[in-house]
Each structure stands twice: as C-alpha cells, then as structure tokens.
Amino acid sequence: MDHFAEAQITLQGNVDPRRYERRFVLTPSQHPVELLQLHEKESREIADKLAYSLGLSKEKLLEDVHERISSVRGATMVSSRAYFWNGLQHHVSICYWLPHATRISLKADILAGLTVGVMAIPQSISYAAIAGMPYIYGMYSAFVPTILYASLGNSRQEVVGPVAIVCLLVESGLRGIMTEAECPAYYINNPLQLEQFELCPALYVKFAITLAFLVGLIQIIGGLLNVGFLVAFLGHPVLSGFTSGAAIIIGLTQLKDWFGYKIKRTAYVYDTLYYSFVGFAKVNGMTLGLGLLWFFTLLGMRYISGKFKRLAFLRAAGPLIMCFVGIAVVAGTPTLTTKYKVAIVGKLPEGVPPTSLESIKFDIMTRLVPTAITIALIGYLELIAIGKSLASKLGYELPAGHELTVVGITNLVCSCFSCFPVSGSFSRSAVNYSSGAQTQLSGFISGLIMLLTLLVLTPVFFYLPKFILASIIISSIIPLIAWRDAVALWHIKKVDCGLWVFTFLATLFLGIEIGIASAAALSLLVIVLESIRPQITVLWRLPETEIYRNIIQDDPGVFVKGVLIVRIGASMYFANVGYIREQIIRLIKEYSKLNPVRYVVLEMTPVSSIDSTAVHALEALIKELRTRNIILALATVGVHVEETMRKAKLYEVIGEDWFHHRVHDAVLYCLSHDLTELGRSGRTMDATPLLLPPAMLEGDEEDNFGNARTKSMRARFHL
C-alpha cells in the first residue's frame with residue numbers, strides 16, 4: 001500500500017443525514033466504495049482542535065494560559081477539589097484503583113498477587129547474588145519498590161523489583177570501583193583474587209544504595225524534561241542483542257555455585273570462560289550433579305506448566321517448591337554440608353528493611369554517573385517495553401513520560417530503605433498478567449507477601465543450597481537468549497540483524513557498559529547514514545486515475561510525456577541535500593534517454609522539515625535546471641516546510657504557480673505551461689500522446705513505450 005498516494009473522490013450521490021454526508025470513493029480498481037464523511041463545519045472544528053493540540057503560537061499560548069488562570073480564579077471550591085482529586089488520581093494511581101475495586105477484581109488481584117509473591121521470593125534472593133549484594137537486600141528490593149510502584153505507576157500488571165539485567169549492570173559498574181584507601185584488602189594480599197563485594201561488603205552495599213539514589217534522580221530529571229525519547233536509539237535489535245549477551249554472562253557467573261570453587265569475575269566472556277574451566281580438576285561433583293538435577297527439574301516444570309493447564313501454577317511456584325525441597329534435603333542430610341562441602345545461604349536477618357539515608361555517599365557520585373546513566377536508560381527501556389506490551393493487550397494507554405518519573409521516584413525513595421536499583425520484571429509481570437491481574441493491587445499483594453517473608457520466614461532459608469539459586473538463575477535466563485530474533489531480523493532487514501550481532505558480540509567481548517554504548521553509537525550511525533541517503537523514487541500515473549504510485553510496485557502505470565515525477569523520502573538538511581541533488585540529476589539523465597524531460601515534479605509529502613542549507617541547494621538546483629530548459633515544480637509541500645521556504649524567499653524565486661497541493665495538479669500545470677510555450681514559440685505539437693502507457697502498441701515505435709522499454713525504465717529507476 002502506497003500511503004502517500006492521492007485519492008480522487010467522485011461524488012456519486014449525496015444524502016444529508018444529521019451528521020454525515022454519503023460519498024463514494026473511486027478506487028484504483030474502479031470499484032466504488034461508500035464513504036460517510038462529516039459535514040464541513042464539524043470537520044473544521046475537529047481540525048482546529050487537532051491543530052491547537054499539535055502546537056500553539058506564542059499569542060495563542062498566552063491567551064490559553066490567561067483563560068486557564070481566569071477559569072481557576074472563577075472556579076468554586078467544589079470544582080477545585082475535583083480538579084485536585086483528578087490530578088491526584090493521575091499521579092498517585094492508588095487513589096484511582098483502590099476506590100474502583102470490585103469484588104471480581106479483588107479476587108483476581110489477590111490470586112495473582114499471591115502467585116507473583118511466591119515467585120519473587122527465590123528470584124529476589126538469586127538476583128541479589130548477581131548484583132554482588134547480600135541475599136537479604138534482594139528481598140528488600142522485592143518489597144519496597146513493588147509496593148511503591150503499585151501505588152504510583154499506571155501499568156496495571158507490571159511488577160517492579162530486582163531484575164537480572166539491571167543486577168548485572170550494578171555488579172559490572174561497581175566492580176573494582178573502590179580505591180585502595182577504601183578497600184585495602186582488595187589491593188594488598190589478595191591471593192584468592194576475591195571481589196570487592198566479598199572483601200568489603202558493607203562499603204559495597206553503600207555504593208549500591210548510592211547508585212540507586214543516583215539512578216532515581218536521573219530518571220526523575222529525565223521524566224520532568226521529557227527525554228524518554230533517548231531510548232529510541234536503543235531499538236529492538238540493540239536491546240535484544242544486549243539482553244542475549246548479558247544473559248550468557250549472567251549464566252557464566254553462576255557456574256561457581258555448580259562447580260564448587262571460586263571463579264574470578266571479569267567483564268569479558270573469554271576471561272570468564274578461562275577462569276571457569278582452568279580449575280575444573282577441583283570441581284565438586286556433588287554440587288554439580290545436584291545443580292544439574294535441579295536445573296533440568298525446573299525446565300521440566302516450566303514445560304509441564306505450559307503443556308497442562310491444571311499445572312500452570314508450577315511456572316510461578318516451581319522455583320520456590322524446589323527451594324523447599326532442597327532445604328529439606330540439606331537439613332536432613334548433614335553430610336552434604338560437612339563432607340561434600342555443599343554451600344548454603346546461611347542466616348538472613350529478620351524484619352523490615354532498615355533505613356539507609358546514612359549509606360548514601362554524595363562524595364562518590366561522580367564515579368557512579370556512567371553506570372547510573374546506563375542503568376537509568378536500560379531500566380526504563382525494560383519497564384516501558386513491558387508496560388506498553390501489557391497495556392496494548394488490555395486496551396489502555398500508558399503515559400511513557402509519567403512512567404519514567406514514577407520509576408525514578410521508586411528508585412530514589414527505595415534507596416532510603418536499603419534497596420539497589422530496580423526495574424520492571426519480564427517474568428513476574430508475565431505471570432501477573434497470565435494469572436488474571438486486573439489492577440495494581442496485585443503488585444501490592446505481592447509486596448505484602450515479601451514483607452511477610454521478611455518478618456517470619458527468613459530463618460527457613462538458612463539451609464537453602466546455593467546451587468539451587470544458580471539453577472534458578474540459569475533456567476530463568478535461557479529465554480532471554482533471543483537467537484531467533486537474529487534469524488528473523490536476517491529475513492526482515494539485514495542491517496538490523498547486523499546491529500543485533502554486533503551488540504551481542506560487543507556485550508560479550510567488550511564488557512557490559514562498553515558493549516551497550518558501542519551498540520547505541522552504531523545505531524545512531526545507522527540512522528545518520530540512512531538519513532543522508534534517503535529513498536528517492538520515481539512515480540507514474542495509474543491509468544484513468546489521478547493517483548501516482550512508485551514504479552517498482554506491481555500496479556501498471558503510465559508516464560507523462562516530458563514530465564519526471566520524483567518523490568523525496570525524508571526530510572532535507574545539510575547532510576543529505578547533496579545526495580538528493582545527485583540522484584535527481586542522474587534520474588533526469590536516465591529518463592531523458594527514453595523520454596526527454598521538460599519538467600520535474602518533486603513530491604514532498606515525506607519531507608517534514610528542511611533547513612537553510614537545503615533551501616539554498618534547492619534554489620541552486622532550480623536555477624541550474626532552468627539553464628538546461630528544465631523547470632522544477634513542487635507538490636504536497638508540508639506546512640512547516642512551506643513556512644521555511646517562504647522565509648527564505650524561495651516562493652519568490654520559483655513563483656507561486658509552481659507550488660501545488662497535489663501531484664496531479666502540478667502535472668496538469670506543467671502540461672498547460674508546455675502548451676503555452678508551444679503557442680508562443682510557434683512550434684507545432686507532434687502527434688505523440690501526453691500519456692505514455694507501458695504497452696500502447698505492439699512493437700517499439702519511436703514515441704511510444706512498448707513492454708521492453710517499460711521494463712528498461714523500471715530497471716533504470718529501481719533505486
């Protein structure tokens with residue numbers, strides 16, 4: 001479908017109901033289609049409102065502000081309270097969903113909240129290990145942020161808390177960040193090559209909490225400044241490639257709990273692989289065997305939950321069930337810990353998260369800025385991708401700017417309650433949705449389940465084996481390795497596939513932060529390269545219509561004698577105007593070999609903006625073509641482009657007559673101008689028709705296009 005094609009509406013009959021006019025559209029296939037259209041007056045009112053919402057002039061803006069102030073001053077106390085309450089419901093979602101809760105929604109949300117809460121317990125403990133944090137801080141981060149987002153956020157099914165990718169970014173960003181004065185044990189006498197979070201855990205926790213504060217601050221500022229568009233540079237290929245590479249790194253970091261010996265953490269996958277297998281002779285067969293057993297059992301549970309509806313609960317409850325089984329096995333078999341050296345979690349503190357205002361260290365924030373920016377962008381991208389996907393399935397809108405502010409507030413506030421950076425969880429949000437959650441109450445219930453666990457159940461996890469946590473993490477990150485995306489992108493667009501592969505390899509071999517930064521830079525480079533080489537297409541007319549289509553489409557068409565119609569496929573600016581000029585000159589040269597060009601019509605619908613350099617280049621092109629007895633006309637020029645051209649006096653240079661609202665109008669004007677020129681010059685007009693069909697005659701007459709010539713022209717202009 002050519003979205004820029006023009007349609008000719010033919011009046012076949014007119015019925016005047018209260019609101020609609022009955023019209024018929026004559027389609028390219030010549031089949032009339034009935035069209036009900038609003039009256040002109042009502043259409044104008046709608047157009048004015050849309051134009052008003054799209055942009056206000058300075059005068060209208062001041063007038064609008066004055067009217068709003070006057071309306072507020074004249075409002076009654078009741079309306080002021082209503083205005084305040086509406087605003088509160090918009091920004092504090094609990095004020096909306098709690099009063100509107102029904103018996104049915106309460107039942108569904110409680111069930112979904114219980115399911116997600118059960119799932120979050122083992123995940124939160126496991127993800128804390130990825131971040132290098134003590135296990136209890138994962139539970140803190142699955143309690144406070146979940147409650148807070150459910151109270152403020154607009155996504156009804158999204159669950160916020162610790163997620164694998166963000167936890168990996170935390171550990172990667174904080175690895176080796178402490179100075180020798182801050183953590184001397186890391187730099188002096190460290191034969192086992194232990195990490196800073198192992199040697200200086202208390203200070204590491206303060207760094208992570210400060211990082212959460214800084215991430216929240218960046219996200220809040222970004223939300224207020226409405227800079228969420230920056231994540232557009234991290235498109236699907238980049239995010240998918242990064243997630244796939246990061247998932248492999250996460251899995252490799254957990255091998256130590258399967259192998260039973262220390263593996264040095266590095267930013268590079270080849271080093272991690274080397275350190276993982278260089279000491280394989282020391283592998284603990286018991287932990288490796290049990291880890292693999294639990295791993296395949298978890299995979300089996302996931303498969304069964306998708307295969308049998310009655311066992312669907314295993315998807316969420318499976319990890320917790322296997323944790324309790326492992327706890328029972330280890331607690332009932334003391335030789336596992338004494339003889340076979342199976343590592344366990346140990347004691348977890350009980351009670352609510354302690355306040356951590358004193359842990360926020362402002363003097364180290366400058367060192368954390370690069371990591372904080374990366375986490376802020378990736379975390380928001382995950383959050384909004386999950387939220388918008390769920391919102392589209394359930395038919396409601398999710399304000400992206402507000403969500404950025406909300407997740408920022410969540411991170412900032414939670415940093416005061418012993419939490420590390422959090423974001424939206426793919427797995428828990430999916431389970432929340434599939435469990436039938438209808439409002440944010442489900443997330444609130446999930447947070448309360450975690451609170452109950454912190455108050456009562458933490459002693460139960462004393463004998464939880466670490467190999468089970470590794471099995472949970474490795475089984476949960478397998479779906480994140482999206483290799484099928486790379487295959488699909490290869491068939492859709494190979495440039496996007498290249499972006500995926502580059503991001504994937506850069507994440508593995510250059511490190512997490514350098515990898516994602518390099519991928520974002522490459523994405524930007526691709527955008528720039530595509531913008532400086534916009535698509536330039538030749539149009540021809542569909543027979544017996546006023547519609548002009550791309551010649552490389554399958555529809556048969558006709559060329560207009562002496563007129564070359566070219567569509568410019570992007571905005572014109574200093575970087576691409578040279579390429580556009582070269583392509584137009586080339587097309588004129590190629591076209592003239594078969595049909596001498598007297599006029600060039602530029603179809604400008606895709607050109608949403610034009611800068612001064614492009615205007616001057618366009619003016620120079622027009623003058624150059626006129627020296628070669630070729631006149632250039634412009635069609636479908638947008639409002640903003642027209643405004644720029646008028647300010648640059650281009651209308652005066654070219655003449656108002658050479659600007660038209662439709663391509664067909666421009667073509668007709670060119671033909672009428674040609675007839676006028678013929679009359680003035682006294683030349684006689686030959687018998688060649690003005691419309692040149694693809695197969696007017698059999699054979700190759702000099703002035704008509706046969707099939708062979710049509711194929712030749714289409715081949716020449718296939719850009």
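Residues numbered from 1 in each chain as written. Predicted model: local features only at pLDDT ≥ 70, side-chain atom pairs only at ≥ 80, totals over all residues. Heavy atoms only, no water.

Caption draft 1: A look at the packing of aromatic side chains. Using the criterion set out here, one finds 24 aromatic pairs in the structure. Seen in terms of ring centroids, Phe-259 and Phe-280 are 5.3 Å apart; in terms of plane orientation they differ by 85 degrees. Their pairing is edge-to-face. Residue Phe-259 is located in helix α13 (residues 255-259), and its partner Phe-280 is located in the loop between α14 (269-278) and α15 (285-307); the two are separated by 21 residues in the primary sequence. For Phe-259, a relative accessible area of 6% puts it in the buried group. Through successive ring pairs, a cluster of aromatic residues spans Phe-259, Tyr-261, Phe-277 and Phe-280. Directly above the ring of Tyr-396 sits Arg-156, whose terminal nitrogen or CZ lies 4.0 Å from the centroid. The ring of Tyr-651 carries Arg-646 above its face, with NZ or CZ at 3.9 Å from the centroid. (Phe/Tyr/Trp six-rings, centres within 6.5 Å; stacked < 30°, edge-to-face > 60°. Helix = DSSP H or I, 4+ residues; strand = E, 2+ residues; numbered from the N terminus. Buried < 20%, exposed > 50% of the residue type's maximum accessible area, 1.4 Å probe, protein only. Lys NZ or Arg CZ within 6 Å of the ring centre and 35° of its normal.)

Caption draft 2: Expanded view of the state of the cysteines. Following the criterion strictly, the structure yields one disulfide and no others. With its sulfur 2.1 Å from that of its partner, Cys-183 forms a disulfide with Cys-200. On the S-S bond that ties Cys-183 to Cys-200, the torsion sits near 90 degrees, and the link is right-handed. Of this pair, Cys-183 sits in the loop between α8 (164-174) and α9 (184-187) while Cys-200 sits in the loop between α10 (196-199) and α11 (201-225), placing them 17 residues apart in sequence. You can see Cys-414 has no disulfide; the closest cysteine sulfur is in Cys-419, sitting 4.7 Å from it. Overall, Cys-414 belongs to the buried group, its relative accessible area being 1%. (Disulfide = S-S within 2.5 Å.)

Caption draft 3: Spotlight on the layout of surface pockets. Quantified by volume, the largest pocket comes out at close to 880 Å³. In terms of residue class, the lining of the largest pocket is built from 21 nonpolar, ten polar and four charged. Taken as a whole, the second largest pocket holds about 550 Å³ of empty space. Taken together, 20 residues line the second largest pocket, and the ones lying closest to its centre are Tyr-135, Phe-197, Glu-198, Lys-256 and Lys-466. Looking at the lining of the second largest pocket, the elements that each hand over two or more residues are α10, α13 and α22 (466-477). Counted by class, the lining of the second largest pocket contains nine nonpolar, four polar and seven charged residues. (1 Å grid on protein atoms, 1.4 Å probe; cavity = no way out; pocket = protein on both sides within 12 Å on 5 of 7 lines; lining within 4 Å. Points joined across faces, edges and corners; volume = space filled by probe spheres on them. Nonpolar A, V, L, I, M, F, W, Y, C, P; charged D, E, K, R; others polar.)

Caption draft 4: Geometry of the confidence of the model for the protein. Considering every residue of the protein, the mean pLDDT works out to 82; 81% of them sit at 70 or more. Across the protein, the element-wise mean pLDDT spans from 36 in strand β1 (residues 9-10) up to 95 in helix α6 (residues 135-141). In this model residues 25-30 is a low-confidence stretch, pLDDT under 50, and it forms 15 contacts with partners more than four residues away in sequence or in other chains. Below pLDDT 50 for its whole length, residues 693-711 participates in 34 contacts with residues either more than four positions away or in separate chains. (pLDDT = per-residue confidence, 0-100. Contact = heavy atoms within 4.5 Å.)

Caption draft 5: Here's a closer look at empty space enclosed by the protein. This structure, assessed with the given rule, holds four cavities of 30 Å³ or more. For the largest cavity, the calculated volume is near 70 Å³. In this structure, the largest cavity is lined by Ile-249, Leu-252, Thr-253, Lys-256, Ile-263, Lys-264, Arg-265, Thr-266 and Thr-272. When residues in the lining of the largest cavity are grouped by element, the largest group, three residues, is from helix α12 (residues 236-253).

Caption draft 6: Representation of a nonpolar patch on the surface in the model. Taken together, Tyr-303, Ile-304, Phe-308, Leu-311, Phe-313, Ile-321, Val-325 and Val-329 make up a surface patch of nonpolar side chains, about 670 Å² in accessible area. Of all the secondary-structure elements, those providing two or more residues to the nonpolar patch are α15 and α16 (314-332). The element contributing the most residues to the nonpolar patch is α16, with three residues. Mapped onto the secondary structure, Leu-311 falls in the loop between α15 and α16. (Patch = residues over 30% accessible without salt bridge, like charges linked within 9 Å, V, L, I, M, F, W, Y side chains within 5 Å. Areas by Shrake-Rupley, 256 points an atom, 1.4 Å probe, with all protein chains shown as cover. Salt bridge = Lys/Arg side-chain N within 4 Å of Asp/Glu carboxyl O.)

Caption draft 7: Geometry of the environment of Thr-338. With respect to the secondary-structure elements, Thr-338 resides in helix α17 (residues 335-338). At 3.1 Å, the side chain of Thr-338 and the backbone oxygen of Pro-334 are in polar contact. (Polar contact = N/O pair within 3.5 Å; in protein donor to acceptor, adjacent residues only side chain to side chain.)

Caption draft 8: Seen up close, the packing of helix α5 (residues 103-130) against α22. Where α5 meets α22, the axes come as close as 9 Å, and the angle between the chain directions of the two elements is 90 degrees. The orientation of α5 with respect to α22, classified from their angle, is roughly perpendicular. Of the residues in α22, those touching α5 at Pro-122, Ile-125, Ser-126, Tyr-127 and Ile-130 are Leu-469, Ile-472, Ile-473 and Ser-476. Among the residues making up the contact of α5 with α22, the classes are represented as seven nonpolar, two polar and no charged. (Axes fitted to C-alpha atoms, helices over the stretch in contact; angles between N-to-C directions. Parallel < 35°, antiparallel > 145°, perpendicular 65-115°, else oblique.)

Caption draft 9: Region of the structure containing helix α18 (residues 365-394). Between its terminal C-alpha atoms α18 stretches 40 Å, which fits the 44 Å expected from 30 residues at 1.5 Å a residue. Along its length, α18 reaches its greatest deviation from straightness, about 35 degrees, at Thr-371. Once α18 ends, the next one or two residues include Gly-395, with phi positive near 75 degrees. (Expected span 1.5 Å × (residues − 1). Bend = angle between axes of the 7 residues up to and from the residue.)

Caption draft 10: Quick peek at the pattern of salt bridges. Across all of its chains, the model carries 15 salt bridges by this definition. Ionic pairing is found between Glu-643 and Lys-647, a salt bridge with its closest N-O pair at 3.3 Å. Placement of both Glu-643 and Lys-647 in helix α28 (residues 639-647) is noted, with a separation of four residues, approximately one turn of the helix. Judged by its relative accessible area of 41%, Glu-643 is partly exposed.

Caption draft 11: How the structure looks around the sheet that holds strand β6 (residues 536-541). Read across the sheet, six strands follow the order β7-β6-β9-β10-β11-β12 without closing on themselves; strand pairing throughout is mixed. The strands lining the two open edges of the sheet, one partner per strand, are β7 (548-550) and β12 (659-660). Two elements, β6 and β7, share three bridges in a ladder whose sense is antiparallel. Bridge assignment links Arg-541 to a residue of β7, and that residue is Tyr-548. Running at roughly 140 degrees to strand β11 (residues 631-635), helix α27 (residues 612-627) makes contact with β10 (599-603) and β11 of the sheet. (Pairing = 2+ DSSP bridges.)

Caption draft 12: Focus on the environment of Leu-348. Structurally, Leu-348 can be placed in the loop between α17 and α18. Judged by its relative accessible area of 7%, Leu-348 is buried.

Caption draft 13: Examining the side chain of Thr-410 more closely. Considering the arrangement of structural elements, one finds Thr-410 in helix α19 (residues 400-414). When sequence neighbours within four positions are dropped, the list of residues in contact with Thr-410 reads Pro-145, Leu-148, Tyr-149, Val-160 and Val-422.

Caption draft 14: Geometry of the pairing of β11. With respect to burial, β11 is a largely interior element, five of its five residues being buried. Neither face of β11 is left uncovered, since the one carrying Ile-631, Ala-633 and Ala-635 and the one carrying Leu-632 and Leu-634 both have all their residues buried. By the bridge criterion, five bridges tie β10 to β11 in an arrangement that is parallel. Bridge pairing in β11 links Val-601 to Ala-633. Handedness of the crossover joining β10 and β11 through α27 is recorded here as right-handed. As paired strands, β11 and β12 are joined by two bridges and run parallel to one another. The residue of β12 that forms the bridge with Leu-634 is Phe-659. (Right-handed = clockwise from strand over helix to strand, strands pointing away.)

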